[in-house]
Amino acid sequence: MAVRHRLIKKSPREVWSVLADGTRYADWVVGTASSYPVRGWWPQVHSAIGYEVRVGLWTLRNESVVRACVEERELELEAIAGPLGTARIAIELRPWGEYTLVIIDEHPLQGAGGTLHNVAVEGLIQVRHRAMLKRLAEVCEEDGKSGSRPARAEPRPA
């Protein structure tokens with residue numbers, strides 16, 4: 001199970017405002033080129049966003065579905081990647097003084113990803129999480145500075 005954490009120098013409310021905006025998914029999720037609403041009010045349970053992953057000339061369209069959500073505390077997603085299978089991605093926000101400790105826990109559930117899961121794949125997920133948490137920190141810490149895109153605290157329809 002790939003678990004990684006990072007201290008983000010923003011409050012849980014400020015970090016949550018980025019996570020709660022499904023249109024910003026591609027801003028911090030490594031490998032994602034764009035994201036868009038699919039159904040429901042993100043991040044309510046059962047809502048979903050679609051996202052694109054571009055590999056050379058190919059564009060893969062996948063979906064993330066919210067499986068659990070506690071505002072400003074936790075977001076659990078099921079990433080559905082066609083023949084590659086599905087994965088559970090749990091994001092936990094813990095208040096840490098005036099900042100937020102973000103913990104990401106990901107593991108495959110079904111399909112090829114689950115069948116082929118091994119120590120090498122686990123290592124790649126760790127590298128991806130390190131980059132993803134760095135990007136999330138940058139997005140959160142840049143919000144509110146002049147010229148940056150403000151985060152939305154309200155869920156958006158999908």
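Being a predicted model, the structure only gives us computed values, none of them experimental.

Student: What should I look at first to understand the confidence of the model for the protein chain in this one?
Tutor: Reading fine detail from the predicted coordinates is not recommended where pLDDT is low. Confidence in the prediction of the protein chain, expressed as mean pLDDT, is 86, and 83% of residues score 70 or more. Element-level mean pLDDT values for the protein chain span from 54 in strand 9 (residues 156-157) up to 97 in helix 1 (residues 12-19). Here residues 150-155 is modelled with pLDDT under 50, and outside its nearest four sequence neighbours on either side it reaches 14 contacts, counting other chains as well.

Student: Which parts of the structure should I look at to understand the sheet that holds strand 6 (residues 74-80)?
Tutor: Strand pairing in a sheet relies on backbone hydrogen bonds, with the paired strands running either antiparallel or parallel. Spatially, 1-8-7-6-5-4-2 is the arrangement adopted by the seven strands of the open sheet, whose pairing is antiparallel. The sheet is open, and its two borders are formed by strand 1 (2-8) and strand 2 (34-39), each paired with just one other strand. Within this sheet the neighbouring strands show an average axis-to-axis angle of 25 degrees, counted without direction. Summarising the sheet, strand 2 and strand 4 (residues 48-55) pair through five bridges and their orientation is antiparallel. Each bridged residue has a counterpart across the sheet, and for Ser-35 the counterpart in strand 4 is Tyr-51. In this fold helix 1 packs onto strand 1, strand 5 (58-70), strand 6, strand 7 (86-96) and strand 8 (99-110), with an angle of close to 155 degrees to the strand it touches most, strand 7.

Student: Can you help me understand the nonpolar core in this one?
Tutor: The tendency in soluble globular proteins is for nonpolar side chains to be buried as a group. Of all hydrophobic cores here, the largest spans 28 residues; its most connected members are Leu-19, Trp-28, Ile-91, Val-102 and Leu-136. Elements that contribute at least two residues to this core include exactly helix 1, helix 2 (25-28), strand 4, strand 6, strand 7, strand 8 and helix 4 (119-142). Ignoring sequence-local partners within four residues, the contact set of Ile-91 consists of Leu-19, Trp-28, Arg-73, Glu-74, Leu-75, Val-102, Ile-103 and Ile-104.

Student: It is not clear to me how a nonpolar patch on the surface should be interpreted in this structure. Could you clarify?
Tutor: Residues Val-55, Trp-58 and Leu-60 make up a contiguous nonpolar surface patch of about 340 Å² in total accessible area. Position of Val-55 among the secondary structure elements: in strand 4.

Student: Can you walk me through the packing of aromatic side chains in this structure?
Tutor: Geometry of an aromatic ring pair is reported as the spacing of the ring centres plus the angle between the planes. Evaluation of the coordinates by the stated rule reveals two aromatic pairs. With 5.7 Å between their ring centres and 70 degrees between their planes, Tyr-25 and Trp-28 make a pair best called edge-to-face. Of this pair, Tyr-25 and Trp-28 both sit in helix 2, three residues apart, which is roughly one turn of that helix. Taken individually, Tyr-25 and Trp-28 each receive the classification buried, so the pair is uniform in this respect. Judged by centre distance (5.5 Å) and plane angle (45 degrees), the rings of Tyr-25 and Tyr-51 are tilted. In this pair, Tyr-25 sits in helix 2 while Tyr-51 sits in strand 4, placing the two residues 26 residues apart along the sequence. Accessibility expressed as a relative area gives 5% for Tyr-25, which makes it buried. An aromatic cluster is defined as three or more aromatic residues linked by ring pairs; in this entry it consists of Tyr-25, Trp-28 and Tyr-51.

Reading the values: the criteria
Residues numbered from 1 in each chain as written. Predicted model: local features only at pLDDT ≥ 70, side-chain atom pairs only at ≥ 80, totals over all residues. Heavy atoms only, no water. pLDDT = per-residue confidence, 0-100. Helix = DSSP H or I, 4+ residues; strand = E, 2+ residues; numbered from the N terminus. Contact = heavy atoms within 4.5 Å. Pairing = 2+ DSSP bridges. Axes fitted to C-alpha atoms, helices over the stretch in contact; angles between N-to-C directions. Core = buried A, V, L, I, M, F, W, Y, C linked by side-chain atoms within 4.5 Å. Buried < 20%, exposed > 50% of the residue type's maximum accessible area, 1.4 Å probe, protein only. Patch = residues over 30% accessible without salt bridge, like charges linked within 9 Å, V, L, I, M, F, W, Y side chains within 5 Å. Areas by Shrake-Rupley, 256 points an atom, 1.4 Å probe, with all protein chains shown as cover. Salt bridge = Lys/Arg side-chain N within 4 Å of Asp/Glu carboxyl O. Phe/Tyr/Trp six-rings, centres within 6.5 Å; stacked < 30°, edge-to-face > 60°.

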